[in-house]
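Now for the letters of each chain:
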Amino acid sequence: DQQVKQNSPSLSVQEGRISILNCDYTNSMFDYFLWYKKYPAEGPTFLISISSIKDKNEDGRFTVFLNKSAKHLSLHIVPSQPGDSAVYFCAASAGSTGGFKTIFGAGTRLFVKA
Amino acid sequence: KAGVTQTPRYLIKTRGQQVTLSCSPISGHRSVSWYQQTPGQGLQFLFEYFSETQRNKGNFPGRFSGRQFSNSRSEMNVSTLELGDSALYLCASSSPGILDTGELFFGEGSRLTVL
């Protein structure tokens, strides 16, 4: 049962253009949604998050949009840079009291071409 | 502040053997989670420990087990290794609190190869 889905295994974008990474989820109990970035031979690093009570969160070149009715979120990177080339994981978490677990999607590999 | 430290970074085992992986969380973090990463499968949740107690468990067989010590350091063990256990095992720590968002801080992982 995949509760968090990233249906695009890879995405190729020209430097300077917008990168849009998509994610769908099935569990309406999730409180927070997060994006992580992973380079080869390194652990994932936190990029940006959004609370389920918001529909947009922006941090520099990165913006995450949440559509709760569609159970869909997306990460926009503008402008894309070659250093953004990495695997991006969408994740969702539910609650913090009594324990929680963060569920990850399968990841999308982003290639930004110079 | 030191990050999450995982040891060993690489190891090779043969089928039927067992393996123990270690994780030292960020100082002050009391929650430790373990994930298995394989190509195409993303990060699969194994279990989460908080104050030496397992609070959540993923859908892995009983061959996968873990524990957490009083200093928050954690170990995971895989017994009777199978070829399909070859993966990158990632440990993550967090400091659950009032403003908890589920943000995890990951180590670099332990890459296990089963021959």
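Residues numbered from 1 in each chain as written. Chains lettered and ligands numbered in written order. Predicted model: local features only at pLDDT ≥ 70, side-chain atom pairs only at ≥ 80, totals over all residues. Heavy atoms only, no water.

This brings us to the environment of asparagine 57 of chain A. Looking at where asparagine 57 of chain A falls in the secondary structure, it is placed in strand 6 (residues 56-59). Beyond its immediate chain neighbours, meaning those up to four positions away, asparagine 57 of chain A contacts Ile48, Ser49, Ile50, Phe62, Thr63 and Val64 of chain A. (Helix = DSSP H or I, 4+ residues; strand = E, 2+ residues; numbered from the N terminus. Contact = heavy atoms within 4.5 Å.)

Attention shifts here to the nonpolar core. When a protein is soluble and globular, its nonpolar side chains tend to lie buried together. Residues and elements named next belong to chain A. If you look at the biggest cluster of nonpolar residues, it comprises 24 residues, and the most contacted ones within it are Phe33, Trp35, Leu73, Leu75 and Tyr88. Secondary structure elements with two or more residues in this core: strand 3 (19-25), strand 4 (32-38), strand 5 (45-51), strand 7 (62-67), strand 8 (72-77), strand 9 (86-93) and strand 11 (108-113). Sorting elements by how many residues they give to this core places strand 9 first, with 4 residues. (Core = buried A, V, L, I, M, F, W, Y, C linked by side-chain atoms within 4.5 Å. Buried < 20%, exposed > 50% of the residue type's maximum accessible area, 1.4 Å probe, protein only.)

Residues and elements named next belong to chain B. The strand order across the open sheet formed by 4 strands is 1-3-8-7, and the pairing between neighbours is antiparallel. On the outer flanks of this sheet lie strand 1 (5-7) and strand 7 (64-68), each paired with one strand and no other. On average, adjacent strands in this sheet sit at an angle of 15 degrees to one another, irrespective of strand direction. Taken together, the 5 bridges between strand 7 and strand 8 (residues 74-78) define a ladder with antiparallel strand orientation. Bridge pairing links glycine 66 to methionine 76 in strand 8. (Pairing = 2+ DSSP bridges. Axes fitted to C-alpha atoms, helices over the stretch in contact; angles between N-to-C directions.)

Accessible area lost upon the coming together of the parts is a frequently used measure of interface size. On the chain A side, the residues contacting the 25 residues of chain B number 21 residues. Counting the surface lost from both chain B and chain A, the interface buries some 1800 Å², and carbon and sulfur atoms represent 57% of this. Summed over the shared surface of chain B and chain A, the result is 0 salt bridges. Scanning the region where chain B abuts chain A turns up 2 residue pairs in polar contact (both at pLDDT 80 or more). Looking at the side of chain B that touches chain A, the elements that each hand over two or more residues are strand 4 (31-38), strand 5 (42-50), strand 6 (53-57) and strand 9 (87-94) of chain B. (Buried area = accessible area lost by both parts, 1.4 Å probe. Salt bridge = Lys/Arg side-chain N within 4 Å of Asp/Glu carboxyl O. Polar contact = N/O pair within 3.5 Å; in protein donor to acceptor, adjacent residues only side chain to side chain.)

For the rest of this paragraph, the subject is the pattern of salt bridges. All names here are of chain B. One pass over the structure, following the stated rule, counts 8 salt bridges over all chains. Where glutamate 108 meets arginine 9, a salt bridge forms, and the shortest distance between an N and an O atom there is 2.9 Å. Note that glutamate 108 is positioned in the loop between strand 10 (105-106) and strand 11 (110-114) and arginine 9 in the loop between strand 1 and strand 2 (10-13), a separation of 99 residues in sequence. Classification of glutamate 108 by relative accessible area gives partly exposed; the value is 40%. In the salt-bridge network here, residues are joined through shared partners; they are Arg63, Glu82 and Asp85.

Taken by themselves, the reported measurements are silent on function.
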